[in-house]
Amino acid sequence: TPLANICVYLYPHGNSAAASYATCTGSDGSYRLRDVAAGSYDVAFYDPAGNDATQWYTGSAGGAADQADAVALTVSGGDHTVSGVNAAMAQVQQGIVAGVVTASDTGDPLASVCVYLYPHGSSAAASYATCTGSDGSYQLTGVATGSYDVAFADPSSGYVTQWYTGSAGGATDQASAHAVSVPVGNQTVSDIEVLNPSLVLCTLDEG
């Protein structure tokens, strides 16, 4: 599938200080850089939307992940076109998980609640963790594509630990958790939180 709005940069070979030329692909995925001075260049393909991994031109499918492995492109003098400088970009193999944690009795946002992502069905160790902010929100970035069980735990022990199920109240154990799928392409999986006016965490009974 042709990719539009991919940035194409030409750097002097071996120099990453600043690109000498730049443009973006059109709706058909094509691009053209005009009036390029004779010389050797490293070509980078970059997706500003963050959905596809940056790629450096090597002359073969897939390219390289960094400039050190790029193959220099030679532009000769005169009015010549160097064609076939292509890229087949792969989607970023990670995403973002986000949501809000609130109290069941008051509806107030809960700060400093720990949010853990475990590989689905595995409780050995959390793969990712963060804490909610003052507004009860959280965001886990750079999450590898896959399926996860999400746990909400209050380190102050004021609220019962809850596993995400996609419905109000959640579950009290991982075995009953609903797996959250993180797709490729740096997408955000949002609303991993309360799904209706009933609220996420239940307070512990006193006594």
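Residues numbered from 1 in each chain as written. Predicted model: local features only at pLDDT ≥ 70, side-chain atom pairs only at ≥ 80, totals over all residues. Heavy atoms only, no water.

Enquirer: Is there a simple way to think about the confidence of the model for the protein chain in this case?
Expert: Where the model shows low pLDDT, its predicted coordinates should not be examined in detail. For the protein chain, the mean per-residue pLDDT works out to 89, and 93% of the residues sit at or above 70. Predicted confidence for residues 194-207 stays below pLDDT 50, and this span has 42 contacts to residues more than four positions away or in other chains. (pLDDT = per-residue confidence, 0-100. Contact = heavy atoms within 4.5 Å.)

Enquirer: Explain the environment of S27 to me, please; I cannot follow it from the model alone.
Expert: One can find S27 in the loop between β2 (21-24) and β3 (39-46). Sequence spacing of S27 and A4 is 23 residues, and the spatial spacing of their C-alpha atoms is 4.7 Å. Setting aside residues no more than four positions away along its own chain, S27 makes contact with P2 and A4. (Helix = DSSP H or I, 4+ residues; strand = E, 2+ residues; numbered from the N terminus.)

Enquirer: Just checking my understanding: could you explain the sheet that holds strand β6 (residues 94-100) for this structure?
Expert: Adjacent strands of a sheet pair through backbone hydrogen bonds, lying either parallel or antiparallel. Strand order across the open sheet formed by three strands is β9-β6-β13, with mixed pairing between neighbours. Only two strands of the sheet have a single neighbouring strand rather than two, namely β9 (137-144) and β13 (188-189). With six bridges joining them, β6 and β9 adopt antiparallel strand pairing. Counterpart to Q94 in the pairing with β9 is A144. (Pairing = 2+ DSSP bridges.)

Enquirer: Where do I start with the layout of surface pockets in this structure?
Expert: Where empty space is left can be seen by rolling a probe of water-molecule size over the atoms. What the largest pocket holds in volume is close to 550 Å³. Lining the largest pocket are 21 residues, and of these R32, L33, H80, T81 and V82 sit closest to its centre. Residues that form the lining of the largest pocket fall into these classes: nine nonpolar, eight polar and four charged. Of the pockets and cavities examined, the second largest pocket occupies roughly 190 Å³. What lines the second largest pocket is a set of 13 residues, among which T25, G29, Y31, F45 and A87 lie closest to the centre. Looking at side-chain class alone, the lining of the second largest pocket contains eight nonpolar, five polar and no charged residues. (1 Å grid on protein atoms, 1.4 Å probe; cavity = no way out; pocket = protein on both sides within 12 Å on 5 of 7 lines; lining within 4 Å. Points joined across faces, edges and corners; volume = space filled by probe spheres on them. Nonpolar A, V, L, I, M, F, W, Y, C, P; charged D, E, K, R; others polar.)

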